[in-house]
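Reading the structure
Spelled out from the first residue to the last, the chains are:
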Amino acid sequence: MALRKLIAGNWKMHGQSSDLEEIAAIAAASRQFENVDIALCVPAILIERASRAVPDLAIGGQDVHHAEKGAHTGCISADMLLDAGAALTIVGHSERRDAQRESDAEVKAKAEAALRCGLSAILCVGESLALREQGAAVSTVLAQLDGSLPDRPASDAELAVAYEPVWAIGTGKIPTTAEIGEMHAAIRECLLSRYGDQGQSVRILYGGSVKASNAAEIFTVPDVDGALVGGASLRAADFLPIVAAAAAAQPRAA
Ligand code: PGA
């Protein structure tokens, strides 16, 4: 089976009602790329309107609480995201691991909560520049995976892992293709040892300063099954060339 590439946009804390037109433009242009899965993870307040406006585009959240309900002021459960029209959510983004002090155990609980109720999850991992310079990039990411991967990927929802070096996010710097390849191969090995053959079909996305100018090269790296895109996902004109590069890339047999 050939695994379709997944290009997911992460809008972070950008987007209001006036941006629904841009989401519609992305959805309209996306329809020509039939061999790529495309998703936009928008601010929670836009999920319902976006999913109504563009029912054929997968709309996602950027975080989820691990509990089903309860006294958790300001938090949103997986069922609530689903009810609002989301099909997926990001968990464990480095900006949350850092600013909200999210631990691996918490990220694992969030991923499991999402998968349990039928939301796909994009689980983020990545090393800091200091750790890469110490030669500890791979061991850091493997330790994050060890602590934050769900015990098993649910059958009716999909798990993806996004490798996002913290030093590449929003900086315009990206690892070499050899560094990306080394990390994605290590992540694949970890997924296979954790999940057996099912680990083959978990998509591994690269994220961090993905742009129209570097996407095609990144997609030549083995085990890169797509991208998680921040800044370049905000405008159709920047995002669509990345989707086009994924559409032109070789699918991976899984
Ligand atoms: P960037 O962000 O593409 O703006 O570097 C990626 C991310 O944080 O997911």
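This text goes with the structure placed above it.
One structure accompanies this document, and this report is about it. (Residues numbered from 1 in each chain as written. Predicted model: local features only at pLDDT ≥ 70, side-chain atom pairs only at ≥ 80, totals over all residues. Heavy atoms only, no water.)

Quick word on helix α5 (residues 104–116)
Quick note on the threshold: Only runs of H or I of at least four residues qualify as helices and only runs of E of at least two qualify as strands under DSSP, and these elements are numbered from the N terminus. To estimate how far a helix should extend, the number of its residues minus one is multiplied by 1.5 Å. Using a 1.4 Å probe on the protein chains alone, a residue whose accessible area is under 20% of its type maximum counts as buried, one over 50% counts as exposed, and one in between counts as partly exposed. Only heavy atoms matter for contacts: two residues are in contact if any of them lie within 4.5 Å across the pair.
An ideal rise of 1.5 Å per residue puts 18 Å on 13 residues; α5 measures up with 18 Å between its terminal C-alpha atoms. Listed in full, the buried residues belonging to α5 are Val107, Lys110, Ala111, Ala113, Ala114 and Leu115. Structurally, α5 contributes buried residues whose contacts are with α3 (78–84), β5 (88–91), α4 (94–99), β6 (120–125), α7 (137–148) and β7 (159–163). Of the residues one or two after α5, Gly118 is the one with positive phi, at around 95°.

Some thoughts on the nonpolar core
Condition: In this description, a nonpolar core means a group of buried Ala, Val, Leu, Ile, Met, Phe, Trp, Tyr and Cys residues linked to one another through side-chain atoms lying within 4.5 Å.
By size, the foremost hydrophobic cluster in this structure holds 67 residues, and its most contacted members are Ile7, Ile23 and Phe219. Considering every element that reaches this core, the biggest residue donor is helix α10 (residues 236–248), with 8 residues. With residues near it in sequence (within four places) discarded, Ile23 still touches Trp11, Leu40, Val42, Ala50, Val54, Leu57 and Ile59.

Some words on the packing of helix α1 (residues 20–30) against α10
Cut-off, in case you're wondering: Throughout, an axis means a line fitted to C-alpha atoms (over the contacting stretch in the case of helices), and angles, computed between N-to-C directions, take values from 0 to 180 degrees. The scheme is simple: roughly parallel for angles under 35 degrees, roughly antiparallel for over 145, roughly perpendicular for 65 to 115, oblique for anything else. For any helix crossing, the convention is left-handed if the near helix is rotated counterclockwise from the far helix by under a right angle, and right-handed if that rotation is clockwise.
Put simply, α1 and α10 touch, their axes get as near as 10 Å, and they point 25° apart. Between α1 and α10, the crossing angle belongs to the class labelled roughly parallel. As for how α1 packs across α10, the hand of that crossing is right-handed. On the side of α1, the interface is formed by Glu22, Ala25, Ile26, Ala29 and Ser30, while α10 contributes Ala236, Phe239 and Leu240.

What to know about the sheet that holds strand β3 (residues 36–41)
Applicable threshold: At least two bridges found by DSSP between two strands are what make those strands a pair.
Here 8 strands make up a closed barrel; going around it, the order is β2-β3-β4-β5-β6-β7-β8-β9 and the pairing parallel. Pairwise comparison of adjacent strand axes, ignoring direction, gives a mean angle of 25° for this sheet. Across 4 bridges, β7 lies against strand β8 (residues 203–207) in parallel orientation. When the sheet's bridge partners are listed, Val161 is paired in β8 with Ile204. On top of the sheet, α5 reaches β5, β6 and β7; it is set at about 165° to β6, its chief contact.

Brief notes about the pattern of salt bridges
What counts, and what does not: Note on definitions: salt bridges are taken to be side-chain nitrogens of Lys or Arg within 4 Å of carboxyl oxygens of Asp or Glu.
If you walk through the whole model with that rule in mind, you get 21 salt bridges. Linking Asp98 and Arg101 is a salt bridge whose minimum nitrogen-to-oxygen distance equals 3.7 Å. Of the charged contacts in the structure, one is a salt bridge between Arg188 and Asp225, with a shortest N-O distance of 2.9 Å. Of this pair, Arg188 sits in helix α8 (residues 177–195) while Asp225 sits in the loop between α9 (212–218) and β9 (226–229), placing them 37 residues apart in sequence. One exposure class covers both Arg188 and Asp225, and it is buried.

Points about the pairing of strand β2 (residues 5–10)
We count it as follows: A clockwise path from the first strand over the helix to the second, with the strands pointing away from the viewer, defines a right-handed crossover.
Counting buried residues in β2 gives 6 out of 6 residues, a clear majority hidden from the surface. Inspection of the sheet shows β2 paired to β3 by 6 bridges, in the parallel sense. Across the sheet, Asn10 pairs through a bridge with Cys41, a residue of β3. Handedness of the crossover joining β2 and β3 through α1 is recorded here as right-handed. Direction of pairing for β2 relative to β9: parallel, over a ladder of 4 bridges. Paired with Leu6 across the bridge in β9 is Gly226.

Limitation: the analysis is restricted to geometry and does not speak to function.
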